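The chain contents come next:
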Amino acid sequence: MLADLVAGAVADASERRAARSIADVEAAALDRSPALDAVAALAPREHVHIIAEIKRASPSRGPLAEIADPASLASAYQLGGASAISVLTEGRRFGGSLADLEAVRNAVSVPLLRKDFIADPYQVLEARASGADLVLLIVAALEQAPLAELFALVRELGMTPLVETHSADEVSRALDLGADLIGVNARDLSTFELDQDLFGRLADQIPSGVIRIAESAVKTPADVAHYRKAGADVVLVGEALVTNGDPVTTLREFIGADA
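Residues numbered from 1 in each chain as written. Predicted model: local features only at pLDDT ≥ 70, side-chain atom pairs only at ≥ 80, totals over all residues. Heavy atoms only, no water.

**Observations regarding the side chain of S216**
Under the convention used in this document: Numbering of helices and strands starts at the N terminus; helices are DSSP runs of H or I of at least 4 residues and strands are runs of E of at least 2. As used in this structure description, the phrase polar contact means that two N or O atoms lie within 3.5 Å; if the pair is within protein, one of them must be able to donate a hydrogen and the other to accept it, and residues adjacent in sequence are counted only when both atoms belong to side chains.
Structurally, S216 is set in the loop between strand 9 (211-215) and helix 10 (221-229). Among the polar contacts made by the side chain of S216, one reaches the side chain of N185 at a distance of 2.6 Å.

**Some points on the pairing of strand 5 (residues 112-115)**
Put simply, the test is: For every residue, the accessible area (1.4 Å probe, protein chains only) is compared with the maximum for its type, and the residue is labelled buried under 20%, exposed over 50%, or partly exposed between those bounds. Whether two strands pair depends on DSSP finding at least two bridges between them. A clockwise course of the path from the first strand over the helix to the second, judged with the strands pointing away from the viewer, identifies a crossover as right-handed.
Judged by which residues are buried, strand 5 turns out to be covered on both faces: L112 and R114 on one side and L113 and K115 on the other are all buried. Of the pairings in the sheet, the one linking strand 4 (residues 84-88) to strand 5 comprises 4 bridges and is parallel in character. Residue pairing for strand 5: L88 is matched across the bridge by K115. Since strand 4 and strand 5 lie parallel, the crossover through helix 5 (residues 98-105) that links them has a hand, and here it is right-handed. Relative to strand 6 (residues 134-138), strand 5 is paired through 2 bridges, and the arrangement is parallel. Of the residues in strand 6, the one forming a bridge with R114 is V135.

**A few points about the pattern of salt bridges**
Formally: One side-chain nitrogen of Lys or Arg within 4 Å of one carboxyl oxygen of Asp or Glu is enough to make a salt bridge.
Scanning all chains against the criterion turns up 12 salt bridges. In this structure, the salt-bridge partner of R114 is E126, at a minimum N-O distance of 3.2 Å. Of this pair, R114 sits in strand 5 while E126 sits in helix 6 (residues 121-129), placing them 12 residues apart in sequence. Here R114 matches E126 in class, with each residue buried. Bridged by salt links that share partners, the residues R16, R114, D116 and E126 form one connected network.

**Observations regarding the packing of helix 2 (residues 22-31) against helix 6**
This is how it is decided: Here, axes are lines fitted to C-alpha atoms. For helices the fit covers the stretch in contact, and angles between N-to-C directions go from 0 to 180 degrees. Orientation labels follow simple angle bins: below 35 degrees gives roughly parallel, above 145 gives roughly antiparallel, 65 to 115 gives roughly perpendicular, and whatever is left gives oblique. Each crossing gets its hand from how the near helix is turned against the far one by less than a right angle, where anticlockwise is left-handed and clockwise is right-handed. Should any heavy atoms of two residues lie within 4.5 Å, those residues are counted as being in contact. Note that Gly is not counted as nonpolar here; it falls among the polar residues with everything else outside the nonpolar set of Ala, Val, Leu, Ile, Met, Phe, Trp, Tyr, Cys and Pro and the charged set of Asp, Glu, Lys and Arg.
Interhelical geometry of helix 2 versus helix 6 gives an angle of 40° and a closest axis separation of 7 Å. The orientation of helix 2 with respect to helix 6, classified from their angle, is oblique. Along this stretch, helix 2 crosses helix 6, giving a crossing that reads as left-handed. Counting all contacts with helix 2, which are made through I22, V25, E26, A28 and A29, the residues of helix 6 involved are Y122, L125, E126, R128 and A129. Grouping the constituent residues of the contact of helix 2 with helix 6 by class yields 7 nonpolar, no polar and 3 charged.

Geometry only, nothing functional implied.
Here it is as structure tokens:
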């Protein structure tokens, strides 16, 4: 599944590159205002940070929400207290686009994560050109050398890499890069099965000074509290927010779950 998702995302990026040269995208990326400081925005505090996700669909659940106006939803997330917003830009299985990212950038002032299956420098340039402040890099999707090259490019453009892991070995690889933000995804991207306790098993391997982010398997405030107790500084939430109908209230409940 992961290999298919990466191959599809790279193929779609190649089509976009045929229509818009890498030189043009690079110029647009460099012309953007400086990226927001995501490390400062997500630094540990008394209450958990929430990264709220704009997500129309997923391979495991199918369609989740239409989200005709991602900018409006993002504004609700900001009102509810989200510390950052994740925008899924993968189109084949998640129903997202770079247009969503651009619309959200124009609507909110918190850091934005481009969440996609990034494997090509062109995609990193697109992220900055469209207003992203963070870029997701999935360790399981890449060998270490290309992962390191993409990591360096994200930083060179002033953005912050969010390095996603699923195992102790992947956490070690993320630390070798010098990652400031390490995510642990409870969803196995090969099988799409969930293990909410995976974060707790790996959290102690992420040293103090590195921001620890728990991803997936969040439906209720109790799930947020579970991750917080296990050591999460940040919890990324998608499905629960787009399907609930009241994202502002839901976010506030999630942020207060560790009180």
